[in-house]
Amino acid sequence: MTHAAVETRDKPGMTSFLRFAPVYLLLAIGAVISCVPFLWMATASTHETSDLFRSPPPLVPGGQLWENLSRLEESTHFSRVMANSLGIAVVYTLASSLLSAMCGYGLAKYRFRGRGVLLGIVLATMMIPMQVLMVPLFQMMASVGWIDSYQAVILPFLANAFGIFLMRQAFLSFPDELIEAARIDGCRDLRIFFRIVLPIARPQLAALVIYTFISQWNAFLWPLLMLGSEDMYTIPVALNTMIGLTRVDYSGLMLGSLLATIPILIVFVAFQKQFVSGLLGGSLKG
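Residues numbered from 1 in each chain as written. Predicted model: local features only at pLDDT ≥ 70, side-chain atom pairs only at ≥ 80, totals over all residues. Heavy atoms only, no water.

For Val 197, the position within the fold is in helix H9 (residues 189–200). Linking Val 197 and Leu 178, residues 19 residues apart in sequence, is a C-alpha distance of 9.1 Å. (Helix = DSSP H or I, 4+ residues; strand = E, 2+ residues; numbered from the N terminus.)

Dropping the structure here:
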């Protein structure tokens with residue numbers, strides 16, 4: 001192959017790169033800017049609070065990491081709080097995702113009277129502000145004696161309207177012929193759902209798991225209302241106790257916030273492949 005042929009073949013690739021170079025540069029700048037808060041949070045967690053207000057502020061890690069970690073554990077019992085948040089988020093995510101998938105499958109594949117009305121009611125609940133529901137829900141939890149309990153945090157919001165709608169849209173494209181063939185072969189509905197239908201919707205289910213876990217992990221107001229014992233606090237509630245009337249432990253807050261992001265990153269990395277494949281699959285279908 002001659003040098004001219006190689007140059008001719010490589011020229012379109014170089015032209016394409018130069019054409020999209022401004023886009024790549026803009027994305028790179030955006031990525032760097034989005035990483036700055038996390039880098040500052042990691043740096044601030046290794047300094048004393050007084051050091052964070054110096055001019056100029058510290059830009060390199062300090063030597064107070066273990067002292068800040070010890071103070072964080074002493075003031076919030078962070079290891080226990082982390083376990084509380086992890087347990088609540090995992091249970092809620094598994095139960096809510098499964099319930100949303102089953103409800104979405106029922107609304108997508110079962111024919112019954114009032115199905116459209118029921119779907120409309122589910123979608124209408126998405127327009128009700130959370131603040132409107134808090135007082136009646138609090139009274140309901142108090143009437144059954146669930147105040148200061150984990151079930152009061154988990155159960156009221158298991159039926160996620162967004163999750164139901166998302167999974168319904170995922171199941172609408174599933175061929176009805178495969179379901180009928182499985183029924184002819186003697187499969188019951190639950191087996192069809194778990195063995196045939198649900199594995200096909202893994203990308204959408206992964207997206208729902210990520211969204212549900214993050215929303216529960218970051219929940220603050222409802223756990224604050226329900227949990228009164230310090231040993232039952234979740235991470236957002238416990239970190240809020242570090243904000244005093246006269247003094248705020250910013251170093252401890254930064255360290256606690258940094259540690260709180262680790263489970264979110266783990267969940268995203270664990271389901272990243274399925275999540276990205278779902279996005280690519282949707283773009284190819286479009």
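So much for the structure itself; the text now carries on.
Next up on the list: a nonpolar patch on the surface. Together, Leu 123, Met 126, Phe 162, Phe 165 and Tyr 211 line one region of the surface with nonpolar side chains, adding up to about 410 Å² of accessible area. For Leu 123, a relative accessible area of 30% puts it in the partly exposed group. (Patch = residues over 30% accessible without salt bridge, like charges linked within 9 Å, V, L, I, M, F, W, Y side chains within 5 Å. Areas by Shrake-Rupley, 256 points an atom, 1.4 Å probe, with all protein chains shown as cover. Salt bridge = Lys/Arg side-chain N within 4 Å of Asp/Glu carboxyl O. Buried < 20%, exposed > 50% of the residue type's maximum accessible area, 1.4 Å probe, protein only.)

On to unusual backbone geometry. Residue Pro 56 is reached from Ser 55 by a cis peptide bond, and omega for that bond is 0 degrees. You can see Pro 56 is positioned in the loop between helix H1 (3–44) and helix H2 (65–76). Within the chain, His 77 stands out as a residue other than glycine whose phi angle is a positive 55 degrees. As for its position among the elements, His 77 is in the loop between H2 and helix H3 (78–109). Not every positive phi belongs to a glycine, and Asp 148 is a case in point at roughly 65 degrees.

What follows deals with the packing of aromatic side chains. Considering all chains together, one arrives at 9 aromatic pairs under this definition. Seen from their ring centres, Phe 53 and Tyr 250 are 5.6 Å apart, and the 70 degrees between their planes marks the pair as edge-to-face. Of the two residues, Phe 53 sits in the loop between H1 and H2 while Tyr 250 sits in helix H13 (residues 250–285), which places them 197 residues apart along the sequence. A relative accessible area of 34% means that Tyr 250 is categorised as partly exposed. Summarising the aromatic geometry, the rings of Phe 193 and Phe 194 are spaced 5.0 Å apart at their centres and angled 80 degrees between planes, so their arrangement reads as edge-to-face. Given a relative accessible area of 39%, Phe 194 falls into the partly exposed group. (Phe/Tyr/Trp six-rings, centres within 6.5 Å; stacked < 30°, edge-to-face > 60°.)

Among the secondary structure elements, Ser 149 is positioned in the loop between helix H5 (130–143) and helix H6 (150–154). Along the sequence, Ser 149 and Gly 228 sit 79 residues apart, while their C-alpha atoms lie 8.7 Å from each other. For Ser 149, the contacting residues outside a window of four places in its chain are Met 226, Leu 227 and Met 232. Only 2.3 Å separates the side chain of Ser 149 from the backbone oxygen of Trp 146, close enough to count as a polar contact. (Contact = heavy atoms within 4.5 Å. Polar contact = N/O pair within 3.5 Å; in protein donor to acceptor, adjacent residues only side chain to side chain.)

Across the interface, helix H8 (residues 176–184) lies against H9 with an axial gap of 10 Å and an inter-helix angle of 130 degrees. Compared by their axis directions, H8 and H9 come out oblique. H8 and H9 meet at a crossing whose hand is right-handed. Packed against H8, whose contacting residues are Ile 179, Ala 182 and Arg 183, the element H9 presents Asp 189, Ile 192, Ile 196 and Val 197 at the interface. In terms of residue class, the contact of H8 with H9 is made up of 5 nonpolar, no polar and 2 charged. (Axes fitted to C-alpha atoms, helices over the stretch in contact; angles between N-to-C directions. Parallel < 35°, antiparallel > 145°, perpendicular 65-115°, else oblique. Left-handed = near helix turned anticlockwise from the far one by under 90°. Nonpolar A, V, L, I, M, F, W, Y, C, P; charged D, E, K, R; others polar.)

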